[in-house]
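If you want the building blocks of each chain, they are given just below.
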Amino acid sequence: MVLQLQLWQLPLLMCLAGLLLSDICRGEHLVQIQKGPLYRVKGYPMSISCNVSGYSGQADQGFAFSVYKPDYPQKEIRMISTFDSNYAYRVYRERVIENSIEIERLSKTSVILHLKLLQADDAGEFECYTPNLYDIYEGTYNGKTILNVIEDTLKVSFSSRASYSIFEGESLQLECEVSSQTMQHTHLSVTWFLRGNTETLPIITLDRDLSVRPGAAFEKQYHSGLISIEKVEDTTYRLKMSQVQQSARGEIYCQAEEWIQDPDRSWIRIAYKNTTGSFVEIKALAVGEVDSFIAAIDVSETLQEGEKAVIRCSVQAQNLLRFFSITWLRNNMEMAHIGPSGVLTVANNYKQRDNTGELRASKINDNTYILTISPVRAEDQGQYQCKATQEERAETGKFTKGQSQLSSEKTVHIKAKESGLAVVMAEKLINMTEGETLQLTCSVSKASGPLSVSWQHKKSTSSSFRDVISLNHEGVMVRGTTAPYQGRIVRTFRSTATDFTLEISGAVLSDSGEYKCTVSEWNMDGSGSINSQSAMVSVESIESSLKVSLRSRDTNVTENSLITMICTVKGPKVPLDVHWKFKSKYLDPQKDIICMLRNGAISCGREQKDYQLEVEVQDTVTVFYLRILKASRKQQGSYQCQITAYQESVQKAQKPSNELAVSVHAPVSKLSLSISPKSNLVIPIKNNAKIDCLVNKAVSNSSRFAVTWMFDAQTLVKMDSEGVVTLGPAVSKEINQRINMQMIERRTFQLAIQEVRTTDRGQYKCLVEEWIQDPDGIWYSLHPKSLQTIDLVVNEQASDFSLNKSDAQLVVTEGQQVDLSCLLLTNGLDSTFRYSLIWLFERQDQNTPMVPLLTYSHDGRLQFSSDDPKLQHRLYFSRPTVSNFRLSILNSISSDTGRYHCQIDQYQLDCKGKWEFKAGDKSGFTNVNVHLIENKLQVKKVSRSLNVTDHHAGFRVECEISSRSSDKSHFEVTWSKTQEDGQPTTIFTARRDGTLSDAVADRNLLYSRPYATLYRLTLPDVEPSDNGRYQCQVVEWLRTDTWKEVAKDKSGELFVHVESEKKPSTGTFVLEKPNSHLSLTEGERFVLNCSILVDKADPTFHYTVTWLLVKKKKTRISLLKQSKDGRLQYQSEDQQLNSRLQFSRSTVTIVHLTVFNSLPTDSGTYECMVEQHQLGCGGTWESKGQAQIISTNVTVHSIESKLQVKKENHSLNLTDHHAGLTVECQIISRSSDKSVFEVTWYKIQEEQHPMTLFEVVRDGTLHSAFRDRNLVYEHPSANLYILTVPDVDSTDNGRYQCQVVELLQTDTWREVAKDKSGELSVHVHVEAASGESKQDCSSGVILGILIPLLCILLVVIVLLLLMVQKTKSASRKQKDCLWAENNPLKPIPEPTAGEGDSA
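Residues numbered from 1 in each chain as written. Predicted model: local features only at pLDDT ≥ 70, side-chain atom pairs only at ≥ 80, totals over all residues. Heavy atoms only, no water.

What to know about the overall build of the chain
Logical step 1: What the chain contains, in helices and strands, is ten helices and 103 strands.
Logical step 2: Sorting the 1399 residues of the chain into buried and exposed places 42% on the buried side.
Logical step 3: By sequence separation, contacts in the chain at least 24 residues apart represent 60% of the contacts at least 6 residues apart.
Logical step 4: When the accessible surface of the chain is totalled, it reaches about 76,500 Å², and 49% of it is carbon and sulfur. (Helix = DSSP H or I, 4+ residues; strand = E, 2+ residues; numbered from the N terminus. Buried < 20%, exposed > 50% of the residue type's maximum accessible area, 1.4 Å probe, protein only. Contact = heavy atoms within 4.5 Å. Areas by Shrake-Rupley, 256 points an atom, 1.4 Å probe, with all protein chains shown as cover.)

Here we look at the pattern of salt bridges
Any two side chains of opposite charge can pair, so long as their charged atoms come close to each other.
Logical step 1: Counted according to the given criterion, the structure contains 48 salt bridges.
Logical step 2: For Arg1016, the salt bridge is made with Glu958, and the minimal N-O distance between the two is 3.0 Å. Of this pair, Arg1016 sits in strand S79 (residues 1014–1019) while Glu958 sits in strand S74 (residues 955–963), and the two are 58 residues apart along the sequence.
Logical step 3: Here Glu958 falls in the partly exposed class, since its relative accessible area comes to 35%.
Logical step 4: Arg1310 is paired through a salt bridge with Glu1082; the nearest N and O atoms lie 2.4 Å apart. Linking Arg1310 in strand S102 (residues 1309–1316) with Glu1082 in the loop between strand S84 (1077–1081) and strand S85 (1086–1093), this pair joins segments that are 228 residues apart in sequence.
Logical step 5: Members of the salt-bridge network, linked through shared partners, are Glu175, Glu230, Arg238 and Lys240. (Salt bridge = Lys/Arg side-chain N within 4 Å of Asp/Glu carboxyl O.)

Brief notes about the packing of aromatic side chains
Logical step 1: A full pass over the atoms with the stated rule returns 21 aromatic pairs.
Logical step 2: With 6.1 Å between their ring centres and 75° between their planes, Trp975 and Tyr1007 make a pair best called edge-to-face. Residue Trp975 is located in strand S75 (residues 970–978), and its partner Tyr1007 is located in strand S78 (residues 1006–1011); the two are separated by 32 residues in the primary sequence.
Logical step 3: Looking at Trp975, the relative accessible area reads 1%, which means it is buried.
Logical step 4: Connected via pairs of aromatic rings, a cluster forms that spans Tyr835, Tyr856, Phe877 and Phe885.
Logical step 5: One residue, Lys516, lies across the ring of Phe465, its end atom 4.6 Å from the ring centre.
Logical step 6: Positioned above the aromatic ring of Tyr780 is the side chain of Arg633, whose terminal nitrogen or guanidinium carbon lies 3.6 Å from the ring centre. (Phe/Tyr/Trp six-rings, centres within 6.5 Å; stacked < 30°, edge-to-face > 60°. Lys NZ or Arg CZ within 6 Å of the ring centre and 35° of its normal.)

Focus: the sheet that holds strand S13 (residues 186–195)
Logical step 1: Spatially, six strands are ordered S11-S19-S18-S13-S14-S15 in an open sheet, and the strand pairing comes out mixed. A single partner strand is all that each edge strand has here, and the edge strands are strand S11 (163–167) and strand S15 (212–214). Averaged over all adjacent pairs, the angle separating strand axes in this sheet is 30°, with direction ignored.
Logical step 2: Alignment of strand S14 (residues 200–206) against S15, held across three bridges, turns out to be antiparallel. Bridge pairing links Thr205 to Arg213 in S15. (Pairing = 2+ DSSP bridges. Axes fitted to C-alpha atoms, helices over the stretch in contact; angles between N-to-C directions.)

Description of the state of the cysteines
Logical step 1: Applying the stated criterion across every chain, the model contains eleven disulfides.
Logical step 2: Between Cys313 and Cys386 runs a disulfide, and the two sulfur atoms are separated by 2.3 Å. One disulfide, between Cys313 and Cys386, carries an S-S torsion of 75° and so falls in the right-handed class. Pair noted here: Cys313 is in strand S22 (residues 309–317) and Cys386 is in strand S28 (residues 382–393), with a separation of 73 residues, a long-range link. Both residues of the pair, Cys313 and Cys386, belong to the buried class. (Disulfide = S-S within 2.5 Å.)

Focus: the nonpolar core
Logical step 1: One finds Leu172, Trp192, Ile203, Leu239, Met241 and Ile252 to be the most contacted residues of the largest nonpolar core, which totals 34 residues.
Logical step 2: Grouped together as the second largest cluster of nonpolar side chains are 31 residues, Cys693, Val717, Val756 and Val768 included. (Core = buried A, V, L, I, M, F, W, Y, C linked by side-chain atoms within 4.5 Å.)

Let's talk about the environment of Cys176
Logical step 1: Relative to the helices and strands, Cys176 is located in strand S12 (residues 172–179).
Logical step 2: Classification of Cys176 by relative accessible area gives buried; the value is 0%.
Logical step 3: Linking Cys176 and Tyr237, residues 61 residues apart in sequence, is a C-alpha distance of 5.5 Å.
Logical step 4: Not counting residues within four places of it along the chain, the set of residues in contact with Cys176 comprises Ser157, Phe158, Ser159, Val190, Trp192, Thr235, Thr236, Tyr237, Cys254 and Thr275.

Let's talk about helix H2 (residues 90–97)
Logical step 1: Among the residues of H2, Tyr92, Arg95 and Val96 are the ones counted as buried. When H2 is viewed along its axis, its buried side chains cluster within an angular range of 100° and face the same direction. Of the residues in H2, the exposed ones pointing more than 90 degrees away from the buried face are Arg90, Glu94 and Ile97.
Logical step 2: Positive backbone phi, at 60°, marks Asn99, one or two positions downstream of H2. (Arc of directions from axis to C-beta.)

Comments concerning a nonpolar patch on the surface
Logical step 1: The grouping of Ile1345, Leu1346, Leu1349, Ile1352, Val1356, Leu1360 and Met1363 at the surface amounts to a nonpolar patch, some 670 Å² of accessible area in total.
Logical step 2: If you trace the backbone, Met1363 turns up in helix H9 (residues 1330–1372). (Patch = residues over 30% accessible without salt bridge, like charges linked within 9 Å, V, L, I, M, F, W, Y side chains within 5 Å.)

Re the pairing of S22
Logical step 1: By the criterion of burial, S22 is predominantly enclosed, with seven of the nine residues buried.
Logical step 2: Here six bridges tie strand S20 (residues 293–298) to S22, and the two strands are oriented antiparallel to one another. Bridging from a neighbouring strand, Ala295 pairs with Val315 of S22.

Next up, the structure:
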């Protein structure tokens, strides 16, 4: 039996373990749908992706899509699913059956919803739902996104000819018009295509980011500059093809695409259209030999007098890279000639017309030349030819004529004008609104034959006319091919016998401009007359003509009142949406509260029940009404109506009205109070006192009350409107234990004081505030509060304890100490008594109650009660005598002004060892007035002059303080120097804390302070540059709670004139000695000065200045030289050094040499050599005197490496794979402020070399070693670099470290230092990784299948073992037992002899 139980328990436990394992591998279910809002165009296909993470089932995950329409945001409309063929509602069922709506499965857990033809009603909130396959819910099972369907406003048209026939090598130019009027932010791309006999190839594309991409078949021509695309004006896209080839034969058309950027930053094509095309025929050149060519002429053979004649001459050759001259002939007489260099020569009989501009000739391209005559005359008719002559160019540039080719003849007939045709426009200026029908009328008179009319339009004076529509003399109407009129109703007709009318429906802004009506008269012989007139049309946008205003008579109401607001809209009659907007006065953002759409539907807002809408359409205006039925305080603020105008379902304008402020007031308070008892309350000491505060009258029976009990100016206790009782801030612990407040009836509030003391006597106030509920159920207070008072009189027992109650006045100056005393009078000084004390303060400049400053308990505890920490630091409590409790305020300030008093309670130890209250009393008031400190600072102001002749003696500037504002004040003294026409320059400062600051780095100024009010500054070894006015300024500071500037004053001025040392006589010069040595650090710049001293300037003297550098090895290098004639020459062979040198001359006798970005190699002795020259009478330069040399030793120290990177090691265990890891690189110190850094992050794995992750180069460029991972780089501060690795997985285990290289630019970029950070050890838990999770889950599923099989196998084994066991038992007891069918096996006892006989 024991064996049997153990065998059955084992499979049971294994089955349970399998179920647990199969359940553990389930991850959190998460549905992710494409992020919205999405904008798609009606009539085009669209798709929405949806995927699931955390799913571990074997079967494909089921998906279902539903939509919630804007009109019914709570109603689900089922669209399609993968698990139910009847899932779709009727509105979508037919489209699902026709596969117009379908789901494409990408994987087991990812699908895409396709709508092959988007409709306007498809807009709404799309939901992707996945049914749960388990018994429990873990995660989210649906996701939502918003789809907006917009109108198709993309318009394209082909504006070039329908066909072209050109020769190979000629140029071709085609144009198409593309525009979009959508309100969304979209981009357009345009591609030109070539449709051949077998395939269609892209020629060139202007992409949405304005980048140009050639087609693969035309890439070589594009890079050779033979193909280009350009955008002309706003809507025109032009294709240019130079030297066309036979491969360009076919139909050329353009395709426009409209793109929008989704919230996930991806660009989606939402619309596309193709234009008609132009069939292009490429004719091969009809020439035989390579060097031969043919001349061809093309001209209109019949022209009207006054028209323009264009005579085109083209050269057909296999090799156009030659020079040609072209000659035009009429009746075999030369008219004009263009030479090989492009020079035009005109025959004598045409020079006058050339001068007046009637005759023009030009070269269009390599093989086309045109001659233009405008206007033509009757004498211009005749035989026209052109002659092409090949020109050979010699090396000298001279041209030699070669062979010539003469074109065929063309006969031109010129018809004379005879008609008196007159054309008049009915209106010269037409103003209209967008969307209206544009109508122009052209009246004709004095016509003698059939008439035709053509209408043309140009946007501005700088643009050219384009054909709109024409009506020929036979009554056939031909529309123009330009884009603005494609897809629109444009017509022209003859309204009367003499009037032609143009009608364009739905005028748009681009229709503005000049319209020209050209009328042509046709005669039987082909002759006729042409006349035209123009009119200006101005189309005003709907937005500019739309006027919106908001008004109301109910702008200041009480709660529960009716408010009516009127929104008046003036403008064109177009469909309108109105959005009522509201901005709360509590600074909440503006929001839509209710909307009425153009179809009458009501939407927007969650509280539509609070509002009522009405619309009234009149002849000239549309009026919208908004009514607030029950106004509440939350509805007070500014209101605005926003009108959106539409035209053919396209939004054209959106304009808000003025803001209208609405104020909602609370009801006027009717609060009335009384106190019981009505007269003063007299209570014996140590008895209990009760005072009732009764509310007699209120605004509403449902009102609540907030009650505050006050004692004198202190708040004792208060109960808020919810019934919560709190103590006042000034209530001591002793009073806290004796007072209580409760509401004994609905409108009765009782204050109870236990064991009253003498300190409890005084005036008690009951302050009541009424609270009512607004229409939204919100409680608020009515103001003002109501107040009742009562006096409490305490009958004292006989006691000799009392305080000094006399009031006192105390006047102090800011910064002085204030001493306040609380004195016990006589007979109260028994040593068995103890006292507790509280000091109270009431500010003078604020209407606030008494505030406690400190409390001293009878057990000796001292506690500061002030909330002002600065005041606490200035309070000092002492008890100099037994009867004197003193409070001192240190460093008093003006805010300490006010009334002070103390309150003392007397205690005595009773027989039970407890302290028993005996008596209490209050002192009188001490009125303290702290005056601001008076400015008494005076600095001695004696001005004097000083001439210094002894340069080594120096001079001193004294600063003597005559008087001060306070004995506790400190001084800050600053000396300054002012030169002529200059600003004062600080040279030395002695601060109040005793620190000294010398602003003159190269001088040793001597500072001294002989006594407290005398400061002295000495300037030794004076120089001529020390000339100027010297003065000192004294700032007086006083320490109160902070340092405060009290006063400021200046001394008199000391005028110093330093006599210059004797200069050489005229004709000679000397050089002023410079600083003997300069010491600086690598990277700094230094300036060397060379001053020429002469006693009298002579303009005939000039100087040659040479700068030299002497190295340690005594090698002298000439750096640069400025000659006497002003020429500057850099003489060093080191170009890097030359680029760092700068020569300048501030005056004629002072020159400077500046060396930038100094290097250690720049160390040495710099010499300035000056030579004097004079211009003689003969005009030659003569050397004067000997050359003078001065030198300065310069030492440039190498920059010291001070780079330090923070080296803290950290460990990081990651379980959330979406959190990512961050590796910081913080620079603690650097070698130079001018240095820059290169930062590199590495990852180190076990037994592997460091692998570079990311690199930041010194010029700011970034390099990532992982193209499939988006590493996030941040540089929040100059010394902090951060790299974040998002979405970690198990491959991110390892040690992370960054290396910083410090670089400095001198003549080149040089590495200064290098350092590494500490290591970040990262361990990513395998259980958290998505890939491993899937693997574990798959293994868990396998175990879930195998373990039940093992359970069955073990059951079979157990049964077999039982059978074997029973078989053995049966063999032992073959005659002693029987098997009973369907019963447990039991032994049968042996029968007795009698029983056997009977059987």
